[in-house]
Amino acid sequence: MQYNPVDGSPTTFNIGSGEMSNLASLADGIQELADVEFHRAPTKDVIDVEQSSAARAASLSSNDYLGWSATTLLKEGAAKLLAWHIDRALPFFPPSTDSEHVDYSSVQVLTKEQQADGELPMSIPIDGEKILNRRGLSSCSSDDPMCLRELHTSYPCSSECSSQSCTPSIFDGVMDITHEATEDCDIVMYTMALGYDIENMEIETEYSDGSEQEEWDETTVCTIAFIPSDSTLAKNVISQIPISSLAKRDIPPNSDYDTKVKKLSGYIAHKGWALVLVDGATEPLTAEDMFMLKLSPARMFHETVRKLMFVDENFSHTPYPEDAQFLTSETSRGVLKKRTITGPDAKGNKVKYKLPEEPQRRAVLLVSPMRKIPEVDSDKMPLADITISLMDDVGLDTNDAEPSEIRTQRQFYTQARSLINSNDLRSLTSVAQNKIEIKDFIRSKWIVHHLKLEEGHQLRCEWYREHVRWGTHLDQLSFAYVMAKRELTRKIITKQPVPPKRTDGLTILEQIIRIRSDAHEWYPIFSAEGAANAIHVSDISPEMVPPNLQDLPENEVHDAKPDAYYSDDSSTYYVRIMSDERMMESRKQWMKLKNNHRKYVTRMKEKQAQRAAEAEE
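A complete count under the given rule lists three disulfides for this structure. Cys161 shares a disulfide with Cys461; S-S distance 2.1 Å. A torsion of -100° about the S-S bond marks the disulfide between Cys161 and Cys461 as left-handed. A residue pair is termed long-range when its members are at least 10 positions apart, and Cys161 in the loop between α6 (128–134) and α7 (175–181) and Cys461 in helix α16 (residues 454–470) qualify at 300 residues. For the pair shown, Cys161 and Cys461 are each scored as buried. A disulfide bridge connects Cys185 with Cys222, and the sulfur atoms are separated by 1.8 Å. The chirality of the disulfide connecting Cys185 with Cys222 is left-handed, given an S-S dihedral of about -65°. Remark: Cys222 occurs in strand β2 (residues 221–228) and Cys185 occurs in the loop between α7 and β1 (187–192); sequence separation between them is 37 residues. Take Cys185 and Cys222: they sit in the same class, and that class is buried.

Listed below in structure tokens is the structure:
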């Protein structure tokens, strides 16, 4: 491209291979590779430039003067380029067309060794590896500068994000166990203590296999903990099992330890957790294995499981199955009718406002916010200070020097934000002037996942991919960056105007929304698949009741009850970052409903017992 012509040399070169082809045959080859049907436009007569005298003249001397000629056949090059596009555009394989009933627990992916042995999976999600294999091309390593594969194209086979080119992991041997242990569970609350020799489980719970909730016609909860099979804790627990209990599992008393592990994994409980014993997990784990259970766990549990609650082993409170029931219930909220509330005006006087109807919402992810987030412009969050707070939250010593990998991650996000928001590089289109705002900082000691929503799968895998690239302890920092990119994409695609620059705090109307509505806790997820776009809190605007109606009773202005109801219309999808204050308020209401439900069930059982007794008489 920097060629300087010499005497007698052409100034235009045809660097094609000279291989004859046409668009129809190229399309046929791509269709064969990708298993897709193309819409074919009518064939048109075109000039064959390969046969033109100008093209021939230009191609004759390209090798002589440039010292280069094409060596890649068209079919090979098309396959490599298509593989690259698929790995980038569909890094977690094509999304499901049914966003309400996805099931990634049944997607079976085989390792390369299993494929070599001739084993056939139920379904292999398409990826770049599969495209290359269909052309008989060998895969390449991301370390190869000529390789077009993404840095993290391959994930553990037990991860819901993996496709054909997956890698073995320590969880491959326990997937059948966890599927069996969680069958018929609506919710699984789980924790993990892996990557070291655990001697004692610090976090406790109340054991649950779902049977107690089933008696009350409630959502069932199972409690699971993953620990190393060769850990001190596992050995101590197994050594204390009575011979009679071993006999129930058909384990002779003189069986070796490995046999006991194989037959007892998933069937022994400790401090309220059913223990799943993972081989080879006392050594430090890779980032892919360490964060797989936390960030992309759908494939590890039975298809009956709809929601998961991950709890960190160092969580400071005792989590109970009831907590999992409550928090998972907060992933959905029905339509809120129009209602009238009382709030202050600009002078501090109490006046009435009408809140508009709010749509029903469903959260693919539920977490809690980071405490004491700085009150600065969202595009200027002090990432260095926030990183220190996040390190403190996960138990890292903030008095020591910032670990190099965390510093690299933080600096990248800082520089990326500065680059993206630079006026010199921004589009002249007004909607593209929106800035990236790294502002959604969370605590991730517990996370609620909704497994049956396609949008949740895509978000989990995006978070997982982003985080394992850095391999740090701060998955909260990775989450904030993923959310920032998604929010910027949403604003640009939906042509959201750039908001005016703020010079003060929240307006009166924004304060009212924050106090009287939970809308600010729901962060919309943009869907490009034709689904309805989620409503942002900025689209909800209270209206002041006219002065001549201010004195009327509330029920004459409008129904003041904010009771939610569910409509037949499809929901839109969100991430919910739920405040502690609203959590406490909602918990009281939820407990009241639960107690009323149990009283009702008790009365029904008493009536049934009475009818049975009368029938016997």
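Turning next to the packing of aromatic side chains. Overall, the coordinates contain 14 aromatic pairs when judged by the stated rule. Ring geometry for Phe412 against Tyr413: centres 6.0 Å apart, planes inclined by 65°, an arrangement best described as edge-to-face. Note on Phe412: relative accessible area 38%, which makes it partly exposed. Here Trp522 and Tyr574 contribute two aromatic rings whose centre-to-centre distance is 5.8 Å and whose plane-to-plane angle is 85°, an arrangement assigned as edge-to-face. Residue Trp522 is located in strand β12 (residues 522–524), and its partner Tyr574 is located in strand β15 (residues 572–577); the two are separated by 52 residues in the primary sequence. Here the aromatic residues Phe171, Tyr190, Phe226, Phe301 and Phe310 are joined through ring pairs into a cluster of three or more. Cation over ring: Arg249 sits above Tyr267, and NZ or CZ is 3.6 Å from the ring centre. The ring centre of Trp216 lies 5.2 Å from the NZ or CZ of Lys605, which sits over that ring.

This part is about the pattern of salt bridges. Under the criterion given, the structure shown has 24 salt bridges. Glu402 serves as the salt-bridge partner of Arg410, at 2.9 Å between the closest nitrogen and oxygen. Under the relative-accessibility criterion, Arg410 is labelled buried at 14%. Overall, Glu402 belongs to the partly exposed group, its relative accessible area being 22%.

With that out of the way, let us pick up the packing of helix α1 (residues 23–34) against helix α4 (residues 74–89). Taken N-terminus to C-terminus, the directions of α1 and α4 make an angle of 45°; their axes are 10 Å apart at the nearest point. Comparing their axes, α4 and α1 come out oblique. Crossing angle aside, the handedness with which α1 passes α4 is right-handed. On the side of α1, the interface is formed by Leu26, Ile30, Leu33 and Ala34, while α4 contributes Leu74, Ala78, Ala79 and Leu82. Of the residues belonging to the contact of α1 with α4, the class tally is eight nonpolar, no polar and no charged.

Its location among the elements puts Arg465 in helix α16. Contact partners of Arg465, with chain neighbours within four places excluded, come to Pro91, Phe92 and Tyr155.

Turning our eyes to something else, we now look at a negative patch on the surface. A surface patch of like charges, here negative, comprises Asp176, Glu180, Glu183, Asp184, Glu214, Glu215, Asp217 and Glu303. One can find Asp184 in the loop between α7 and β1. For Asp184, a relative accessible area of 58% translates into the label exposed.

Spanning twelve residues, α1 covers 16 Å between terminal C-alpha atoms, matching the ideal 16 Å at 1.5 Å per step. When α1 is considered as a whole, its buried residues turn out to be Ala27, Gly29, Leu33 and Ala34. Down the axis of α1, the buried set is contained in an arc of 160°. They therefore lie on one face. Where α1 is buried, its residues meet α4 and α6.

Take the pairing of β2 next. Burial analysis of β2 places eight of its eight residues in the buried class, the great majority of the element. Residues Val221, Thr223, Ala225 and Ile227 line one face of β2 and the alternating positions Cys222, Ile224, Phe226 and Pro228 line the opposite face, and both faces are buried. Strand direction decides the pairing type here: β1 and β2, joined by six bridges, are parallel. Bridge assignment links Met192 to a residue of β2, and that residue is Phe226. Pairing geometry for β2 and strand β4 (residues 273–278), over five bridges, is parallel. Bridging from a neighbouring strand, Ile227 pairs with Leu277 of β4.

About the criteria used
Residues numbered from 1 in each chain as written. Predicted model: local features only at pLDDT ≥ 70, side-chain atom pairs only at ≥ 80, totals over all residues. Heavy atoms only, no water. Disulfide = S-S within 2.5 Å. Helix = DSSP H or I, 4+ residues; strand = E, 2+ residues; numbered from the N terminus. Buried < 20%, exposed > 50% of the residue type's maximum accessible area, 1.4 Å probe, protein only. Phe/Tyr/Trp six-rings, centres within 6.5 Å; stacked < 30°, edge-to-face > 60°. Lys NZ or Arg CZ within 6 Å of the ring centre and 35° of its normal. Salt bridge = Lys/Arg side-chain N within 4 Å of Asp/Glu carboxyl O. Axes fitted to C-alpha atoms, helices over the stretch in contact; angles between N-to-C directions. Parallel < 35°, antiparallel > 145°, perpendicular 65-115°, else oblique. Left-handed = near helix turned anticlockwise from the far one by under 90°. Contact = heavy atoms within 4.5 Å. Nonpolar A, V, L, I, M, F, W, Y, C, P; charged D, E, K, R; others polar. Patch = residues over 30% accessible without salt bridge, like charges linked within 9 Å, V, L, I, M, F, W, Y side chains within 5 Å. Areas by Shrake-Rupley, 256 points an atom, 1.4 Å probe, with all protein chains shown as cover. Lys, Arg positive; Asp, Glu negative; His and termini not counted. Charge placed at Lys NZ, Arg CZ, Asp CG, Glu CD. Expected span 1.5 Å × (residues − 1). Arc of directions from axis to C-beta. Pairing = 2+ DSSP bridges.

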